[in-house]
There are 4 protein chains.
Amino acid sequence: MDPVRHLRFSLSILVIVVGCGTLGYTLIEGWTPFEALYMTVITLATVGFREVHDLSDQGKAFTIALIIFGAGIIAYAVGSLVQFMVEGQLRLILGRK
Amino acid sequence: MDPVRHLRFSLSILVIVVGCGTLGYTLIEGWTPFEALYMTVITLATVGFREVHDLSDQGKAFTIALIIFGAGIIAYAVGSLVQFMVEGQLRLILGRK
Amino acid sequence: MDPVRHLRFSLSILVIVVGCGTLGYTLIEGWTPFEALYMTVITLATVGFREVHDLSDQGKAFTIALIIFGAGIIAYAVGSLVQFMVEGQLRLILGRK
Amino acid sequence: MDPVRHLRFSLSILVIVVGCGTLGYTLIEGWTPFEALYMTVITLATVGFREVHDLSDQGKAFTIALIIFGAGIIAYAVGSLVQFMVEGQLRLILGRK
Ligand SMILES: [K+]
Ligand SMILES: [K+]
C-alpha cells in the first residue's frame with residue numbers, strides 16, 4: 001500500500017473507532033451520545049481530563065480496549081503521515097519518480 | 001514544500017490555533033484570557049489535568065473541535081520535524097547536496 | 001535487528017511492563033488487579049484521567065518509574081513502526097530487495 | 001550532528017528540564033521536592049492526572065512554559081530516535097557505511 005492509502009485507511013478506521021466508542025459508552029454507561037462522544041474524543045486523543053461520569057467495571061474494561069485499539073490506530077496514522085512526508089522528500093533527493 | 005517550510009508553517013498554524021482556543025473559551029465560557037490560555041495549552045499538549053471549570057455543551061463541542069484540529073496540526077508538525085531530521089541524514093549518507 | 005523484530009520486541013516488552021505495573025499497584029497500594037490494570041493502562045497511554053485512588057509516596061515513586069520506563073518503550077515502539085513503514089517505501093522507490 | 005549525539009543531547013536537556021520543573025514548583029508553589037518532581041514528570045509525559053495541588057497564577061504560567069519547552073524537547077528526542085533507527089536501516093539497504 002502506498003502512503004496516501006495508508007493515511008486514508010487509518011483515518012477511516014479512526015472515524016469508525018470514534019463511532020464505536022460513542023456507541024459503547026451510550027450502551028454500557030447510559031450516557032447521552034454527546035457525553036459519550038466527548039469521552040471518546042478526550043480518551044483517544046489522550047487528553048483525558050477525567051472520566052465524564054464514574055465508570056462501571058464494564059465501562060473501565062471498554063475504556064481499556066478503546067485505548068489499546070485507539071493507540072494502535074493513531075500510531076499507524078502518525079506512521080503513515082511520516083512515511084508520506086519522508087517519501088516525497090526521498091523522491092526529490094534521489095531524483096526519481 | 002521543503003521540511004523547513006513545513007515546520008515553520010505548522011508552528012505558525014499552531015500559534016494561531018492557540019490564539020483561537022484562548023479566544024474561544026473566553027467568548028463561550030466567559031473565562032479570563034489567562035484561564036482560557038491555560039485550558040488551551042493543557043488541551044492541545046494533551047496534558048489535560050482537568051477542565052479549568054465545568055464546560056457547557058457548547059464548550060465541550062468547542063473542545064472536541066480544538067482537539068481534532070490541534071491533533072492534526074501537531075501530527076503534521078512532528079512529521080515535519082522527523083522529515084527535516086531524516087533528510088539531513090539522508091543527504092549525508094548519499095553524499096549529495 | 002530488522003524493523004519487524006524491533007516492533008515485536010518492543011510490543012513484548014510493553015506487555016511485560018503492563019504486567020509489572022498491574023502487579024506493582026496491587027502490591028504497593030493494595031488495589032484490586034483490575035483497578036491496577038486500569039491505572040497502568042491510562043498511565044502508559046498518557047490518558048491519565050486521574051489516579052484511581054490517592055497514591056502513597058511509594059505509589060507516586062512507582063508511577064514516576066512506570067512513566068519513564070513506559071515512555072521509553074513506547075517511543076521505541078513508535079520508532080520501530082515508522083522504521084518498518086519507511087523501509088518498505090524505501091525498498092520500493094530504490095527498486096531493491 | 002549525528003543521530004546518537006542528537007539523542008544524547010535531547011536526553012541531557014530533558015533531565016535538566018525535569019530538574020528545573022522540580023525546582024520551579026518547589027520555589028513558586030512551596031511544594032515538597034518530591035511533589036514537585038511528581039508534578040513535573042506527569043506534566044512532561046503528558047499523563048496529567050491532575051494538578052498535585054491547586055496552582056497559583058504564577059504556577060499556571062510556569063506550567064505553560066514547562067509544557068511548551070518540554071513538548072519541544074520531547075518532539076526533538078523522538079525525532080532523534082526515529083532518525084537513529086531509520087539511518088541504520090538506510091545504511092543496510094544501500095549497502096554503504
Ligand atoms: K493526559
Ligand atoms: K487528567
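The structure under discussion appears in the preceding block.
Residues numbered from 1 in each chain as written. Chains lettered and ligands numbered in written order. Predicted model: local features only at pLDDT ≥ 70, side-chain atom pairs only at ≥ 80, totals over all residues. Heavy atoms only, no water.

Asker: Could you give an account of the overall build of chain A, with specific residues and numbers?
Answerer: Looking only at helices and strands, chain A has three helices and zero strands in total. In sequence order, the secondary structure elements of chain A are arranged as α-α-α. Against the compact-globule benchmark of 13 Å for 97 residues, chain A has a radius of gyration of 17 Å, which places it well outside the compact range. When its C-alpha atoms are laid out on the principal axes, chain A stretches across 55 × 20 × 20 Å. Across the 97 residues in chain A, those meeting the buried criterion constitute 49%. In chain A, 57% of the contacts between residues at least 6 apart in sequence involve partners at least 24 apart. (Helix = DSSP H or I, 4+ residues; strand = E, 2+ residues; numbered from the N terminus. Rg over C-alpha atoms; globule rule 2.2 N^0.38 Å. Buried < 20%, exposed > 50% of the residue type's maximum accessible area, 1.4 Å probe, protein only. Contact = heavy atoms within 4.5 Å.)

Asker: Any details on the relation of the copies chain B and chain A? Residues and values, ideally.
Answerer: Two copies of a chain can be linked by a rotation about an axis combined with a shift along that same axis. Mapping chain B onto chain A is achieved by rotating through 90° and translating by 0.0 Å along the same axis, at an RMSD of 0.0 Å. Taken together, the rotation and translation relating the two chain copies correspond to the operation of a four-fold axis. (Least-squares fit on C-alpha atoms with pLDDT ≥ 70 in both.)

Asker: Lay out the interface of chain B and chain A in plain terms, naming residues and giving numbers.
Answerer: Each partner contributes to the interface: chain B provides 31 residues, whereas chain A provides 19 residues. For the chain B face of the interface with chain A, the top three residues by lost area are B:Glu51, B:Ile64 and B:Ile67, together amounting to 22%. Across the contact surface, chain B and chain A share two salt bridges. At the boundary of chain B and chain A, one finds three residue pairs in polar contact (both at pLDDT 80 or more). Put simply, the parts of the chain that give the side of chain B that touches chain A at least two residues each are α1 (3-29), α2 (33-44) and α3 (57-94) of chain B. Tallied by class, residues from the side of chain B that touches chain A come to 15 nonpolar, eight polar and eight charged. (Buried area = accessible area lost by both parts, 1.4 Å probe. Salt bridge = Lys/Arg side-chain N within 4 Å of Asp/Glu carboxyl O. Polar contact = N/O pair within 3.5 Å; in protein donor to acceptor, adjacent residues only side chain to side chain. Nonpolar A, V, L, I, M, F, W, Y, C, P; charged D, E, K, R; others polar.)

Asker: Residues and numbers for helix α2 (residues 33-44) of chain C, please.
Answerer: Residue and element names in this part refer to chain C. Given a rise of 1.5 Å per residue, twelve residues ought to cover 16 Å, and the 16 Å separating the end C-alpha atoms of α2 matches this to within 8%. Of all twelve residues that make up α2, nine are buried, and the element is covered over most of its length. All of the buried residues along α2 are Glu35, Ala36, Tyr38, Met39, Thr40, Val41, Ile42, Thr43 and Leu44. Looking at the residues trailing α2, positive phi occurs at Thr46, about 60°. (Expected span 1.5 Å × (residues − 1).)

Asker: Account for the interface of chain C and chain A, naming residues and giving values.
Answerer: Across the boundary between the two partners, chain C contributes 19 residues, which contact 31 residues of chain A. Counting each side, the surface lost to burial between chain C and chain A is near 2300 Å², with a carbon and sulfur contribution of 72%. The interface formed by chain C and chain A includes two salt bridges. Taking the shortest distance from any N to any O, the salt bridge between A:Asp54 and C:Arg50 comes out at 3.0 Å. Counting across the chain C and chain A interface gives three residue pairs in polar contact (both at pLDDT 80 or more). Listed by contribution, the elements that provide at least two residues to the side of chain C that touches chain A are α2 and α3 (57-94) of chain C. Here the side of chain C that touches chain A gets eight residues from one element, more than from any other, and that element is α3(C).

Asker: Kindly report on the coordination of the potassium ion (ligand 2), identifying the contributing residues and their values.
Answerer: Around a metal, the perfect tetrahedron of four donors has angles of 109.5 degrees, and the perfect octahedron of six donors has angles of 90 or 180 degrees. Within the first shell, the potassium ion (ligand 2) binds the protein through A:Gly48 (O), A:Phe49 (O), B:Gly48 (O), B:Phe49 (O), C:Gly48 (O), C:Phe49 (O), D:Gly48 (O) and D:Phe49 (O), at distances of 2.7 to 2.8 Å. Under the relative-accessibility criterion, C:Gly48 is labelled buried at 0%. (Donors = N, O, S within 2.8 Å, 3.2 Å for Na, K, Ca; no water.)

Asker: Pulling in residues and values, what's your account of the coordination of the potassium ion (ligand 1)?
Answerer: Coordination of the potassium ion (ligand 1) by the protein is provided by A:Thr46 (O), A:Val47 (O), B:Thr46 (O), B:Val47 (O), C:Thr46 (O), C:Val47 (O), D:Thr46 (O) and D:Val47 (O), with metal-donor distances spanning 2.8 to 2.9 Å. If you look at the potassium ion (ligand 1) and the potassium ion (ligand 2), they sit 5.3 Å from each other. Note that A:Thr46 is positioned in the loop between α2 (33-44) and α3 (57-94) and B:Thr46 in the loop between α2 and α3, a pairing that runs across two chains.

Asker: Could you give an account of the pattern of salt bridges, naming the residues involved and the relevant values?
Answerer: Summed over the entire model, instances satisfying the criterion amount to eight salt bridges over all chains. The partner of A:Arg50 in a salt bridge is B:Glu51, and the shortest N-O contact between them spans 3.2 Å. Of this pair, A:Arg50 sits in the loop between α2 and α3 while B:Glu51 sits in the loop between α2 and α3, placing the two residues on different chains. A relative accessible area of 9% places B:Glu51 in the buried class. By relative accessible area, which is 31% here, A:Arg50 ends up partly exposed. Beyond isolated ion pairs, a larger network of salt bridges with shared partners links A:Arg50, B:Glu51 and B:Asp54.

Asker: Help me get a handle on the packing of aromatic side chains, residues and values and all.
Answerer: A full pass over the atoms with the stated rule returns twelve aromatic pairs over all chains. Between the aromatic rings of A:Tyr25 and A:Trp31, the centroid separation amounts to 5.3 Å while the plane-to-plane angle is 10°, which identifies the pairing as stacked. With relative accessibility at 0%, the residue A:Tyr25 sits in the buried group. Both rings, one in C:Phe9 and one in C:Tyr76, keep their centres 6.2 Å apart while their planes meet at 80°; by these two values the pair is edge-to-face. A residue pair is termed long-range when its members are at least 10 positions apart, and C:Phe9 in helix α1 (residues 3-29) and C:Tyr76 in helix α3 qualify at 67 residues. Of the aromatic side chains, those joined through ring pairs into one cluster are A:Tyr25, A:Trp31 and A:Phe62. (Phe/Tyr/Trp six-rings, centres within 6.5 Å; stacked < 30°, edge-to-face > 60°.)

Asker: Mind laying out the packing of α3(A) against α2(C), listing which residues take part and the relevant values?
Answerer: The N-to-C vectors of α3(A) and α2(C) enclose an angle of 35°; their axes lie 10 Å apart at closest approach. Here α3(A) runs over α2(C); the crossing is left-handed. For the pair α3(A) and α2(C), the contacting residues are A:Asp57, A:Lys60, A:Ala61, A:Thr63, A:Ile64 and A:Ile67 in the first and C:Phe34, C:Leu37, C:Tyr38, C:Val41 and C:Ile42 in the second. A breakdown of the residues in the contact of α3(A) with α2(C) according to their chemical character gives eight nonpolar, one polar and two charged. (Axes fitted to C-alpha atoms, helices over the stretch in contact; angles between N-to-C directions. Left-handed = near helix turned anticlockwise from the far one by under 90°.)

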